[in-house]
Amino acid sequence: MRSDPADYKLVAPGRLEAVLSLLAEEREEWVPIAGGTDVMVQFAAGKLASRQLVSIWNLRELKGIAVASEEVRIGAACSYTEIRQSDVIAREFPLLATAAQWTGGIANQNRGTLGGNIINASPAADSLPALMAYEAEVILVSIRGERRMPYVGFHTGYKTMQLRRDELLKTICIPHRFDGYAQYARKVGARNAQAISKVCIAAVGRISGGVIEDVRIALGSVAPIPLRCMQTESKLLHKRIDADSLAAARTALAAEISPIDDLRSTRNYRLRVSLNLLEDFLQSLRMAS
C-alpha cells in the first residue's frame, strides 16, 4: 500500500539546537531526514513507520570535510559526491572514495549522505566496511552535549545501534595513520554501482621485516551488521603470509562470518567469495611489501 503524504509531517527548523530540541520531546518520535534516499524508498513502499520527519539536510554543523592535526572530520550530512570529489579523502582514505563511487548512481550520490548510510544500518552498505578498516570514530550529539565512540561496536544487531532516541550522528572522524599501508577494496555484485553487494570487503595492512605488523579487515553482506573481522586479524598479526597463515586466516574467517541465503545470493556463495577475497587481499599485501 502506498503512503499518503497527508499523513506525514515534515519540518525544517534550520538550526541544530532546534532539531535537537524536537528529538528530545518525549511525546513525539521524530525521524531525521538528510538526503532522503532511504526514507523515500520506505515511504514509496508504505513502510515508513514514523509520521514525524525533521530535515537536517542544511545544518551547517553536519556539513563539510575538515582536516585537523590528528584526523579528518566528515560531517554526517556530507554527500557521497562530496566524498568522491575530496582530494584529502582520495589521498588518505581511498577505500572510502571507492565506496562512494559504488553507492548508487549520480543522483543518489548527490543526495545520499555518509551519516544516513550509517544510521540506515544496512549490513550490505558499501561505505561501512571502509570506516571500520580505518578505525573511524563517530560523534553523537543531543541537547545533553556530545559523546564520541569508536565506530566498531556502534552497530549492536540488525538495524540496532548505540544511538539514543534524542541523538543525532554529527561527525565521522578518521585518524591520519594509514600512510604506508596497503589498501584493498572489492565489491562483488551484479554491478559495481546501482546494485546491492553480495559481498564487499575493505582491508588495510602493513608488513615489516616480512611479517604482518598491522592489519584491519571488514566485510559487508556476511552478517547482520557490517563486520570487523578481529578474530581473523588476530590469526594474521606477526605472521608471515604463507600457506599456513592463509589456511589459519581462512578457517578463522569462516567461523567469524554468518552469511545467509537471500534473493541476491546464497550462503555458500558468499562464504566462498569472502574466503577468496581475504586471500586475494593477503596476496596483494605480500606483493606490496
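Description of the structure in this document. This is a predicted model, so every value here is computed, not measured. (Residues numbered from 1 in each chain as written. Predicted model: local features only at pLDDT ≥ 70, side-chain atom pairs only at ≥ 80, totals over all residues. Heavy atoms only, no water.)

The subject of this paragraph is the overall build of the chain. The helix and strand inventory of the chain stands at 11 helices and 14 strands. Overall, the chain is about 60 × 45 × 35 Å in size when its C-alpha atoms are taken along their principal axes. Burial status across the chain gives 50% buried among its 289 residues. Counted over contacts in the chain with a minimum sequence separation of 6, partners at least 24 positions apart contribute 62%. (Helix = DSSP H or I, 4+ residues; strand = E, 2+ residues; numbered from the N terminus. Buried < 20%, exposed > 50% of the residue type's maximum accessible area, 1.4 Å probe, protein only. Contact = heavy atoms within 4.5 Å.)

Pairing in this open sheet of three strands is parallel, and the strands run S1-S3-S2 from one edge to the other. The open sheet has two edge strands, strand S1 (9-11) and strand S2 (31-33), and neither has a second partner. On average, each strand axis in the sheet is tilted by 30 degrees relative to the strand beside it, whichever way the strands run. Pairing between S1 and strand S3 (residues 52-55): three bridges, direction parallel. (Pairing = 2+ DSSP bridges. Axes fitted to C-alpha atoms, helices over the stretch in contact; angles between N-to-C directions.)

Looking now at the packing of aromatic side chains. Evaluation of the coordinates by the stated rule reveals six aromatic pairs. Measuring from ring centre to ring centre gives 6.2 Å for Tyr151 and Phe154, while their planes differ by 35 degrees; the resulting arrangement is tilted. On the basis of relative accessible area, Phe154 is assigned to the buried category, the value being 0%. Taken together, the ring pairs connect Phe93, Tyr134, Phe178 and Tyr181 into an aromatic cluster. Lying across the ring of Trp57, Lys63 places its NZ or CZ 3.9 Å from the centre. When the ring centre of Trp57 is taken as reference, the NZ or CZ atom of Arg111 above it lies at 4.1 Å. (Phe/Tyr/Trp six-rings, centres within 6.5 Å; stacked < 30°, edge-to-face > 60°. Lys NZ or Arg CZ within 6 Å of the ring centre and 35° of its normal.)

Quick look at the nonpolar core now. Grouped together as the largest cluster of nonpolar side chains are 38 residues, with contacts concentrated most on Ile74, Ile83, Ile89, Leu96, Leu131, Tyr151 and Ile172. With sequence-adjacent residues up to four places away left out, Leu131 is seen in contact with Leu96, Leu114, Ile118, Ala136, Tyr151, Ile172 and Ile174. Among the nonpolar cores identified, the runner-up in size contains 29 residues, and Tyr184, Ala203, Leu219 and Leu278 belong to it. (Core = buried A, V, L, I, M, F, W, Y, C linked by side-chain atoms within 4.5 Å.)

Our focus in this paragraph is unusual backbone geometry. With a phi close to 55 degrees, Glu135 is a non-glycine residue in the positive phi region. Looking at the secondary structure, you find Glu135 in the loop between helix H8 (128-133) and strand S6 (137-142). Although it is not a glycine, Lys159 sits at a positive phi angle of roughly 60 degrees. With respect to the helices, strands and loops of the structure, Lys159 is situated in the loop between strand S8 (155-157) and strand S9 (160-161).

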